[in-house]
Amino acid sequence: MENEQQKFDVYRVVSADYCSNLAVSFILVFWVAYAVFYLLQVMPPDFMRRWKIMTTSISIISLTFLTWRRHFFYSIYMKGVDVTGHIHSADAFKTGGSRIEYKYEYQGERYCRGNALTHKIFF
């Protein structure tokens, strides 16, 4: 069976990358809170105006960050060099998520890098 190369998927980036997931969560949490405040009409109009400005600002910053993060991963995906490496350590957090440390060699130089993931790797 031929090894098919997967297409770049933004959803996979957001679901696995902690920073991207956090940016999306910020947008959702602040807009949901705004909608609840608006529908229940429990906050004064001045507070609602400030909350809407803050929510809009956070959304713009988060969307800018997400665009940059998507471009970063896309450029790695399209222009990156395949190297062989091995997983040095993998740890799961009690609160959810995990961290993977991996080692590889590129052009005679050894590297050790890691990533925080939003998914648990151990059950």
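Provided above is the structure to which this section pertains.
These remarks concern the structure in this document. (Residues numbered from 1 in each chain as written. Predicted model: local features only at pLDDT ≥ 70, side-chain atom pairs only at ≥ 80, totals over all residues. Heavy atoms only, no water.)

The geometry of an aromatic ring pair comes down to the distance between the two centres and the angle between the two planes. For the structure on display, the rule yields twelve aromatic pairs. Both rings, one in Phe 37 and one in Trp 51, keep their centres 5.3 Å apart while their planes meet at 75°; by these two values the pair is edge-to-face. Placement of the pair is Phe 37 in helix 2 (residues 18–40) and Trp 51 in helix 3 (residues 45–79), with a sequence separation of 14 residues. Assigned by exposure class, Phe 37 and Trp 51 land together as buried. (Phe/Tyr/Trp six-rings, centres within 6.5 Å; stacked < 30°, edge-to-face > 60°. Helix = DSSP H or I, 4+ residues; strand = E, 2+ residues; numbered from the N terminus. Buried < 20%, exposed > 50% of the residue type's maximum accessible area, 1.4 Å probe, protein only.)

Turning our eyes to something else, we now look at the layout of surface pockets. Each pocket or cavity is described by its volume, and for the largest pocket that value is around 1300 Å³. What lines the largest pocket is a set of 32 residues, among which Phe 73, Ile 76, Tyr 77, Tyr 102 and Asn 115 lie closest to the centre. Of all elements in the fold, only helix 1 (10–16), helix 2, helix 3, strand 1 (85–92), strand 2 (98–106) and strand 3 (109–117) reach the threshold of two or more residues within the lining of the largest pocket. (1 Å grid on protein atoms, 1.4 Å probe; cavity = no way out; pocket = protein on both sides within 12 Å on 5 of 7 lines; lining within 4 Å. Points joined across faces, edges and corners; volume = space filled by probe spheres on them.)

If a strand is regular, its side chains alternate between the two faces of the sheet. Note: strand 1 against strand 2, seven bridges, orientation antiparallel. Across the sheet, His 86 pairs through a bridge with Lys 103, a residue of strand 2. Here nine bridges tie strand 2 to strand 3, and the two strands are oriented antiparallel to one another. Each residue of the ladder has a partner; that of Ile 100, found in strand 3, is Asn 115. The turn linking strand 2 back onto strand 3 is made up of two residues, and Gln 107 within it adopts a positive phi angle of 50°. (Pairing = 2+ DSSP bridges.)

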